[in-house]
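# Structural characterization, general
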Amino acid sequence: MTTNALLLSSSRAGATPYLEHALPFIAPMTNLTKKWLFIPYAGVSKPYEQYLETVAAGLAPLQLDISSIHQYGDPKQAIKDAGGILVGGGNTFHLLHELYRYDLLHLIREEVAAGKPYIGWSAGSNIAGQSIRTTNDMPIIEPPSFTALGLVPFQINPHYSNATIAGHNGESRAQRILEFTCVDPAMPVLGLQEGTALQLQGDKLTLLGDLPAYLFSGQEQEIPVPAGSDLSKLLANS
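Throughout what follows, the structure given in this document is the object of discussion. For clarity, every value in this text was computed on a predicted model and none was experimentally measured.

### Digging into the pairing of strand β1 (residues 4-8)
Burial of β1 is extensive: five of the five residues sit out of reach of the surface. In β1, alternate side chains face the same way, and those of N4, L6 and L8 on one face and A5 and L7 on the other are all buried. As paired strands, β1 and strand β8 (residues 197-201) are joined by five bridges and run antiparallel to one another. Counterpart to A5 in the pairing with β8 is L200. In the sheet, β1 pairs with strand β5 (residues 118-121) via four bridges, with the strands oriented parallel.

Set out below in C-alpha cells:
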C-alpha cells in the first residue's frame, strides 16, 4: 500500500482562520475517505471536546465525518475503524506521552504503512519524524521515550523561524538545531515555516506552500529548500 501523509507546519498561516490555509492541501487527502479520527492529546490547555469542535469547524468546507479518540472506550479499535487519522498541535511531549500511555504508537505506524491517510499539524507533524528531540515545546511531562512514529526518516522542526528578538540573548532556533546536529550529525532536520507542509505519497516527498524550508544536516546548516521542492532523497536516510 502507498503511504499517504500530510505534515503541516502549523494550524494557521499568519492571521488566517484555523486550518483555512491548509484546506487546499487537505482536500485531496479527503478523496481517500470522509471518515476521520481526531487525536487531541497535544491540546493540554483546552478540553478535548472543545478542540474537536475547533477542528470540525475549520474543516467544515470539506464535509467530513470527524470524531475524536477521546469519545471511544477502546482507542485502539477507534484507530482501526477510522478511515483516516488527524493529529492536532499543542504540546508534543504530552501528545507522545498519551500515545505511549494507550499503546497506540505502533498501531498508528502500522495503519499508516498499510495505506490509512494521516494528517498532522505542529505537534502532529513533529511526531511523524524519528523522534521529538527537535520540538519547540516545553517538556511538561516525560514520555517513556522520545522515539516517535518515524513516518519519515528525519527530524521535523515545525513553525521554523530564525527571527531574533531585540534584547533577548537566548539561542536562536538555528543555534538550537545546530546543537542537535552536533550530538547527532547523521540525522537530518527539516525546518518547516508556517503555512508550509510536507506531502508524503509512497516514496515521493514534496514541500508544499509558498515559502522555503531549511535543511540542517551535519556540518551543513540552514540550507534553503525552495518551495515546491521534491525532497524524496531525504527518504533514503532510512
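### Points about the packing of aromatic side chains
Counting across every chain of the model gives eight aromatic pairs. Residues F38 and Y51 carry aromatic rings whose centres are separated by 4.9 Å and whose planes lie at 80° to one another, so their mutual orientation is edge-to-face. Taken together, the residues span a long stretch of sequence, with F38 in strand β2 (residues 35-39) and Y51 in helix α2 (residues 48-58) at a distance of 13 residues. You'll find F38 and Y51 in the same group, each marked buried.

### Let's talk about the nonpolar core
Ranked by internal contacts, the top residues of the largest apolar core, which has 44 residues, are I108, Y118, L190 and L198. Sequence-distant contacts of L190, that is, excluding residues within four places in its chain, are made with F154, Q155, I156, N157, L198, A213, Y214, L215, V225, L231 and L234. Counting 23 residues, the second largest nonpolar core, distinct from the first, contains M29, L52, L59 and L86.

### Focus: a nonpolar patch on the surface
A cluster of nonpolar side chains, contributed by V44, M138 and I140, occupies part of the molecular surface with about 300 Å² of accessible area. For V44, the location among the structural elements is in the loop between β2 and α2.

### Comments concerning unusual backbone geometry
The phi angle of most residues is negative, glycine excepted, and most peptide bonds adopt the trans form. The phi torsion at Q63 lies on the positive side, around 55°, for a residue other than glycine. Relative accessible area serves as the criterion here: at 70%, Q63 is assigned to the exposed category.

### Quick word on the sheet that holds strand β7 (residues 189-191)
A sheet is described by the order of its strands in space; here four strands give the open sequence β6-β7-β10-β11, paired in mixed fashion. The outermost strands of the open sheet, each flanked by one partner alone, are β6 (155-157) and β11 (220-225). Recorded for the sheet is a direction-independent mean angle of 25° between the axes of neighbouring strands. Pairing analysis gives three bridges linking β6 to β7, with the strands arranged parallel. Following the sheet pairing, I156 is matched in β7 by L190. The strands touched by helix α7 (residues 173-183) are β6, β7, β10 (213-217) and β11; relative to β11, the strand with the most contacts, the crossing angle is about 120°.

Thresholds, definitions, all that
Residues numbered from 1 in each chain as written. Predicted model: local features only at pLDDT ≥ 70, side-chain atom pairs only at ≥ 80, totals over all residues. Heavy atoms only, no water. Buried < 20%, exposed > 50% of the residue type's maximum accessible area, 1.4 Å probe, protein only. Helix = DSSP H or I, 4+ residues; strand = E, 2+ residues; numbered from the N terminus. Pairing = 2+ DSSP bridges. Phe/Tyr/Trp six-rings, centres within 6.5 Å; stacked < 30°, edge-to-face > 60°. Core = buried A, V, L, I, M, F, W, Y, C linked by side-chain atoms within 4.5 Å. Contact = heavy atoms within 4.5 Å. Patch = residues over 30% accessible without salt bridge, like charges linked within 9 Å, V, L, I, M, F, W, Y side chains within 5 Å. Areas by Shrake-Rupley, 256 points an atom, 1.4 Å probe, with all protein chains shown as cover. Salt bridge = Lys/Arg side-chain N within 4 Å of Asp/Glu carboxyl O. Axes fitted to C-alpha atoms, helices over the stretch in contact; angles between N-to-C directions.

Any functional reading would require information beyond the geometric quantities listed.
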